[in-house]
Protein chains: 2
Amino acid sequence: MAEKKMVEAITSMDVDFAQWYTDIVKKAELIEYTSVKGCMVIRPYGYAIWENIQRILDGMFKVTGHENVCMPMFIPESLLQKEKDHVEGFAPEVAWVTHGGKDELEEKLCVRPTSETLFCEHYANIIQSWRDLPKLYNQWVSVVRWEKTTRPFLRSREFLWQEGHTIHATAEEAVTETEKMLNVYADFCERYLAMPVIKGKKTESDKFAGAEATYAIEALMHDGKALQAGTSHYFGDGFAKAFDITYADKENKRVHPHQTSWGVTTRLIGAVIMTHGDDNGLVLPPDIAPVQAVIIPVASHKPGVIEKATELKEMLAKNYRVKLDDSDNSPGWKFAEYEMKGVPLRIEIGPRDIENNQCVVAMRVGGEKVAVSLDEINLVVGQKLEEIRALMYKKALENRENKTYCCKTMDEIKDTLAEKGDGFVMAMWCGDEECEDKVKEITGVGSRCIPFDQKNIDDKCVCCGKPATCMVCWGKAY
Amino acid sequence: MAEKKMVEAITSMDVDFAQWYTDIVKKAELIEYTSVKGCMVIRPYGYAIWENIQRILDGMFKVTGHENVCMPMFIPESLLQKEKDHVEGFAPEVAWVTHGGKDELEEKLCVRPTSETLFCEHYANIIQSWRDLPKLYNQWVSVVRWEKTTRPFLRSREFLWQEGHTIHATAEEAVTETEKMLNVYADFCERYLAMPVIKGKKTESDKFAGAEATYAIEALMHDGKALQAGTSHYFGDGFAKAFDITYADKENKRVHPHQTSWGVTTRLIGAVIMTHGDDNGLVLPPDIAPVQAVIIPVASHKPGVIEKATELKEMLAKNYRVKLDDSDNSPGWKFAEYEMKGVPLRIEIGPRDIENNQCVVAMRVGGEKVAVSLDEINLVVGQKLEEIRALMYKKALENRENKTYCCKTMDEIKDTLAEKGDGFVMAMWCGDEECEDKVKEITGVGSRCIPFDQKNIDDKCVCCGKPATCMVCWGKAY
């Protein structure tokens, strides 16, 4: 039997980061292209990552009192048009269904780009009194936005996401919810994806279409570019007014409720790749890795090796996601394959290990390789996975800190970026949209968010020199 | 504070079964209608039922070696057209996307009605040698079919489902898979939905578009109508030939692989409603009930009642899905509400119960109401849930047996149905499509399937009198 073909080399990230990314998503078998432009197949290994993300986040949503629902995938044109800003923001990029079978539809339907309008119609149907509030909803679906240029996970015409939608009696409750869910996202990214994020508020020009305020978490990728990893929107009562949603308060007066929405997408998988990956391939955070430890038998033709490896697998499988690769490919091929696939731990076991009642554990991050007694392996795997998570977070944070620059002038921004490469630029802003545009035009970095964690770098706007109102985090965005 | 409005009465099932069904799906808050004709909102209580179905089935798929993937929701017209029978079956009922933003698309895309064509394109890309086989895939998505008349869960323009798609080196393996997954569906329905099903093969005229053979499970609803609850298709190498999918076998010869697909949908929720429901509302099988036991405090203003009820809830929540309703609605309102929502067990606890270290457990099915010691309640809840499941299965099986008629002549079919009402008719068939059509035309019942479990009712076809080849299960279908 011929061995499976060589694990193909991937482009070095320093040579061509974009090609490195494309190589990884294909060669680690996360996705495959299709004849539907801008849409992809998420393959089992990629989808298993998403399932882990879903499982953890869904638990966090349920603990915070949210319930899952499912809205239709279609929105009638007239419904989409009810909120003015919202339709302006989304209409240019929606896919339109115009025919059902052979018949032209009386009213065309768009494939949902987001579902605020559907939730609003539903709220209007089911909410009568203050007793019906709040409603804390979420749905796991796919949405469609007709993007011109697309990249797997980062920007595709169809993508998977969750969209939370909530409606509250008071503005205060809705604001609290908006902030709470941004914190849930930040905690999720830092704890489970080992990815540090900056929490902040979007500027007026960068708000979600129809929102009063948009909050976001921003992460810095290995190449110094910024990636918006999640958003949370406060709508005030704008949608409620547009959709005529009212409830009877305790004094039996009809008043408008207040709404929020919040979402993260399969983009998080792209963020994980570009935060942690290296020239050997993917590096997966243990909590979302489809396989947390792969067992590779060495000299597996020798008596007892496969049996012992199987026994080890069965023991570990009670606590971890473990795979035993007892195929006839060579150990060398397997080492490279699972390294490329970002499996956090590799466990080797051969005749000599068995004699010594041990196995050898190698970490995907940090390169440590140690012999571990089979009596202790169950515990050690847990410890190593936690070590890996901490190490990944530390490396990602160091990368971000090394690439975060505080600047006081436009020249300083330009020079710093020219000298050190892309990164987050922290600089003061007067709040004027003209200055925001000018910074982007002149220095190439746009406003990512106004971090909650403010520092007073200077008293003056980096652009116009007038009094600054806040520090902005600027960057080049994916 | 005004009490929540009365639990609304639902139409009696004997008066108007269709209205009874519609009342239940609305009043038990399973769905809500939308302005998108034929599409619905699945509300939290309905969606939680689907999540339980998903969780259990997904586990069964993974145990049998299947992996989840996600294909695009769009199919280019040219791709849909590659397999002749398939496009003929589906093209008349698909929704077409013709525009992206303001631009007309070069090629129109249909919203997937099913994904065989997308899987085939993917297989052609990723399968090279016998080493790449089998691929055992599944996806949980929604699909769209432009139906003229729709009913919640039973027939809607968009519905949720899972579609399994597998590809194998040999025809034999693919046939085995087709049968295996039909058995998984049957086991699931009988064990977890407490719903007996008949396993069988569809006649030629009733096969899936593009299949060599279609197997199905058929259930009998309370009103004597049949409901197809799941299907499993064997494709032979027809799709592989149409899509030019080949692999190098061990002799390095290029050969066509063999395929299957299989699916169940949110229709199962409709099946559960119509199998188990009664004039008081929903009756949910314990395994898929969002709430398995509801705790209702009695005289909750008395000291210690809420505390004890909360304690009870916390203890039971470790093993069961439990809800404590400590709202200010009256116990009577709550009794009716949770009865209508089909919660399997109601647990009442009041001051006198607490004095006696007990609570009162009432079963939604069978009407039993017993006092149970608080020391034993944890165990008893598990026993009662299992009792309920067994009782529900028994009742459903009895209903089916009472409504299953063996007939030898067309007149017998007509007379039996006229006298006893709708049900399954078991009658012999020669295998000729003309007779199949004639039976339906004359007696009103169509062929549901050719049961695997054959009985020799007669030697002659019920229609033409020529030698029979098999017994067919006939019925009126949802």
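About the thresholds
- Residues numbered from 1 in each chain as written.
- Chains lettered and ligands numbered in written order.
- Predicted model: local features only at pLDDT ≥ 70, side-chain atom pairs only at ≥ 80, totals over all residues.
- Helix = DSSP H or I, 4+ residues; strand = E, 2+ residues; numbered from the N terminus.
- Rg over C-alpha atoms; globule rule 2.2 N^0.38 Å.
- Buried ≥ 20, exposed ≤ 12 C-beta atoms within 10 Å, placed from the backbone.
- Contact = placed C-beta atoms within 7 Å.
- Pairing = 2+ DSSP bridges.
- Axes fitted to C-alpha atoms, helices over the stretch in contact; angles between N-to-C directions.
- Nonpolar A, V, L, I, M, F, W, Y, C, P; charged D, E, K, R; others polar.
- Domains from an automatic or database assignment.
- Left-handed = near helix turned anticlockwise from the far one by under 90°.
- Arc of directions from axis to C-beta.
- Least-squares fit on C-alpha atoms with pLDDT ≥ 70 in both.
- pLDDT = per-residue confidence, 0-100.

1. Digging into the overall build of chain A
1) Next: Of the regular secondary structure elements, chain A holds 14 helices and 23 strands.
2) Next: At 25 Å, chain A has a C-alpha radius of gyration in line with the 23 Å of a compact globule built from 478 residues.
3) Next: Taken along the three principal axes of its C-alpha coordinates, chain A extends 80 × 55 × 50 Å.
4) Next: Expressed as a percentage of its 478 residues, the buried residues of chain A come to 50%.
5) Next: Taking contacts inside chain A between residues at least 6 apart in sequence as the whole, the part at least 24 apart equals 68%.

2. Focus: the pairing of strand S14 (residues 258–265) of chain B
Residue and element names in this part refer to chain B.
1) Next: Judged by how many residues are buried, S14 sits mostly within the fold: eight of eight residues are covered.
2) Next: A two-sided burial pattern is seen for S14, the buried positions comprising His258, Thr260, Trp262 and Val264 on one face and Gln259, Ser261, Gly263 and Thr265 on the other.
3) Next: Two strands pair when backbone bridges link them, and strand S8 (residues 158–168) and S14 are joined in this way by eight bridges, in the antiparallel orientation. Bridge pairing in S14 places tryptophan 161 opposite threonine 265.
4) Next: Note that strand S11 (residues 226–236) and S14 share five bridges and pair antiparallel. Bridge pairing links tyrosine 234 to threonine 260 in S14.

3. A closer look at the sheet that holds strand S18 (residues 358–363) of chain B
All names here are of chain B.
1) Next: The five strands are arranged S16-S15-S17-S18-S19 in an open sheet whose pairing can be described as mixed. The sheet is open, and its two edges are formed by strand S16 (322–324) and strand S19 (369–373), each paired on a single side. In this sheet, neighbouring strand axes are inclined to one another by 25 degrees on average, regardless of whether the strands run parallel or antiparallel.
2) Next: Where strand S15 (residues 293–297) lies against strand S17 (residues 345–349), five bridges are found, and the strand directions are parallel.

4. Some words on the sheet that holds strand S16 (residues 322–324) of chain A
Strand-to-strand pairing in sheets goes through backbone hydrogen bonds, with the strands running parallel or antiparallel.
All names here are of chain A.
1) Next: If you trace the five strands from one edge of the open sheet to the other, you get S16-S15-S17-S18-S19, paired in mixed fashion. Both outer strands of the open sheet, S16 and strand S19 (369–373), are each paired with one neighbouring strand and no more. Averaged over all pairs of adjacent strands, the angle between their axes in this sheet comes to 25 degrees, without regard to strand direction.
2) Next: Along the sheet face, helix H9 (residues 305–316) touches strand S15 (293–297), S16, strand S17 (345–349) and strand S18 (358–363) and points at about 170 degrees away from the line of S15.

5. Description of the interface of chain A and chain B
1) Next: With 45 residues of chain A at the interface, the matching set in chain B holds 45 residues.
2) Next: At the level of secondary structure, the elements contributing two or more residues to the side of chain A that touches chain B comprise strand S2 (40–42), helix H2 (44–63), strand S3 (67–68), strand S4 (74–76), strand S5 (95–100), strand S6 (103–111), helix H5 (116–126) and strand S8 (158–168) of chain A.
3) Next: Examining the composition of the side of chain A that touches chain B, we find that six residues originate from one element, S5(A), more than from any other.
4) Next: Looking at the side of chain A that touches chain B residue by residue, the classes come out as 25 nonpolar, 10 polar and 10 charged.
5) Next: Bridge count for S5(A) against strand S5 (residues 95–100) of chain B is five bridges, and the pairing is antiparallel.

6. Considering the domain arrangement of chain A
1) Next: Along its sequence, chain A is organised into domain 1 (17–276), domain 2 (293–399) and domain 3 (404–475).
2) Next: For domain 2 of chain A versus domain 3 of chain A, the separation of C-alpha centres amounts to 46 Å.

7. What to know about the pairing of strand S9 (residues 198–201) of chain A
Residue and element names in this part refer to chain A.
1) Next: Side chains Ile198 and Gly200 project from S9 onto a buried face, and the interleaved Lys199 and Lys201 project onto a face without burial.
2) Next: With four bridges joining them, S9 and strand S10 (residues 213–220) adopt antiparallel strand pairing. Bridging from a neighbouring strand, lysine 201 pairs with tyrosine 215 of S10.
3) Next: Note: S9 against strand S22 (residues 446–451), two bridges, orientation antiparallel. Each residue of the ladder has a partner; that of lysine 201, found in S22, is isoleucine 450.

8. Considering the environment of Arg400(B)
Residues and elements named next belong to chain B.
1) Next: Locating arginine 400 in the fold gives a position in helix H12 (residues 377–402).
2) Next: Taking the C-alpha atoms as reference points, arginine 400 and histidine 222, separated by 178 residues in sequence, lie 8.1 Å from one another.
3) Next: Residue contacts for arginine 400: discarding those within four places in its chain leaves Pro196 and Leu220.

9. Notes on the packing of H2(A) against helix H6 (residues 171–192) of chain A
Helices that pack against each other are described as a pair by the angle of their axes relative to one another and the distance between those axes.
Residues and elements named next belong to chain A.
1) Next: H6 packs onto H2 with a crossing angle of 140 degrees between their chain directions and a minimal axis gap of 11 Å. For the pair H2 and H6, the sense of crossing is right-handed. Two secondary-structure elements touch here, H2 through Ile56, Leu57 and Met60 and H6 through Val184, Phe188 and Tyr192.

10. Some words on helix H14 (residues 433–443) of chain B
All names here are of chain B.
1) Next: Within H14, the full set of buried residues consists of Cys435, Glu436, Val439 and Thr443. Projection of H14 onto a plane perpendicular to its axis shows the buried side chains occupying an angular sector of 105 degrees, all on one side. Relative to its buried face, H14 has exposed residues pointing more than 90 degrees away, namely Glu433, Glu434 and Glu441.
2) Next: The secondary structure elements touched by the buried residues of H14 are helix H13 (410–420), strand S21 (424–429), strand S22 (446–451) and strand S23 (470–475).
3) Next: Directly beyond the C-terminal end of H14, a positive phi value near 90 degrees is found at glycine 444.

11. Describing unusual backbone geometry
1) Next: Cis peptide bonds are those with omega within 30 degrees of zero, and the linkage from Leu133(A) to Pro134(A) qualifies with -10 degrees.
2) Next: Looking at the element boundaries, Pro134(A) is found in the loop between H5 and strand S7 (135–144).
3) Next: Despite not being glycine, Asp244(A) has its phi angle at roughly 55 degrees, a positive value.
4) Next: Tracing the backbone shows Asp244(A) in the loop between helix H7 (238–242) and strand S12 (247–248).
5) Next: Even without glycine at this site, Asn357(B) takes up a positive phi of about 50 degrees.
6) Next: In this structure, Asn357(B) sits in the loop between helix H11 (351–355) and S18.

12. What about the relation of the copies chain A and chain B?
1) Next: Once chain A is rotated about the relating axis by 180 degrees and shifted along it by 0.0 Å, it coincides with chain B to within an RMSD of 0.0 Å. Here the two chains are linked by the operation of a two-fold rotation axis. Across chain A, the smallest distance between a C-alpha and the rotation axis is recorded for Val97(A), namely 2.1 Å.
2) Next: In this assembly the copies share their binding face: 100% of the residues contributing to the interface of chain A also contribute to that of chain B.

13. A closer look at the environment of Asp459(B)
Residue and element names in this part refer to chain B.
1) Next: The topology assignment puts aspartate 459 in the loop between S22 and S23.
2) Next: Along the backbone, aspartate 459 and methionine 471 are 12 residues apart, and their C-alpha atoms lie at a distance of 9.8 Å.
3) Next: Other than its neighbours up to four places away in sequence, aspartate 459 contacts Pro467 and Ala468.

14. Some details on the confidence of the model for chain A
1) Next: Summarising the model, chain A shows a mean pLDDT of 96, and 98% of its residues fall at 70 or more.
2) Next: Across the interface, the model reports ipTM at 0.96; the global pTM reads 0.96.

15. With respect to the environment of Gly423(B)
All names here are of chain B.
1) Next: Topologically, glycine 423 is positioned in the loop between H13 and S21.
2) Next: Each C-alpha atom of the pair glycine 423 and methionine 221 lies 8.6 Å from the other, and the pair is 202 residues apart in sequence.
3) Next: Filtering out sequence-adjacent residues up to four positions away, glycine 423 remains in contact with Leu220, Gly224, Lys403, Thr404 and Tyr405.

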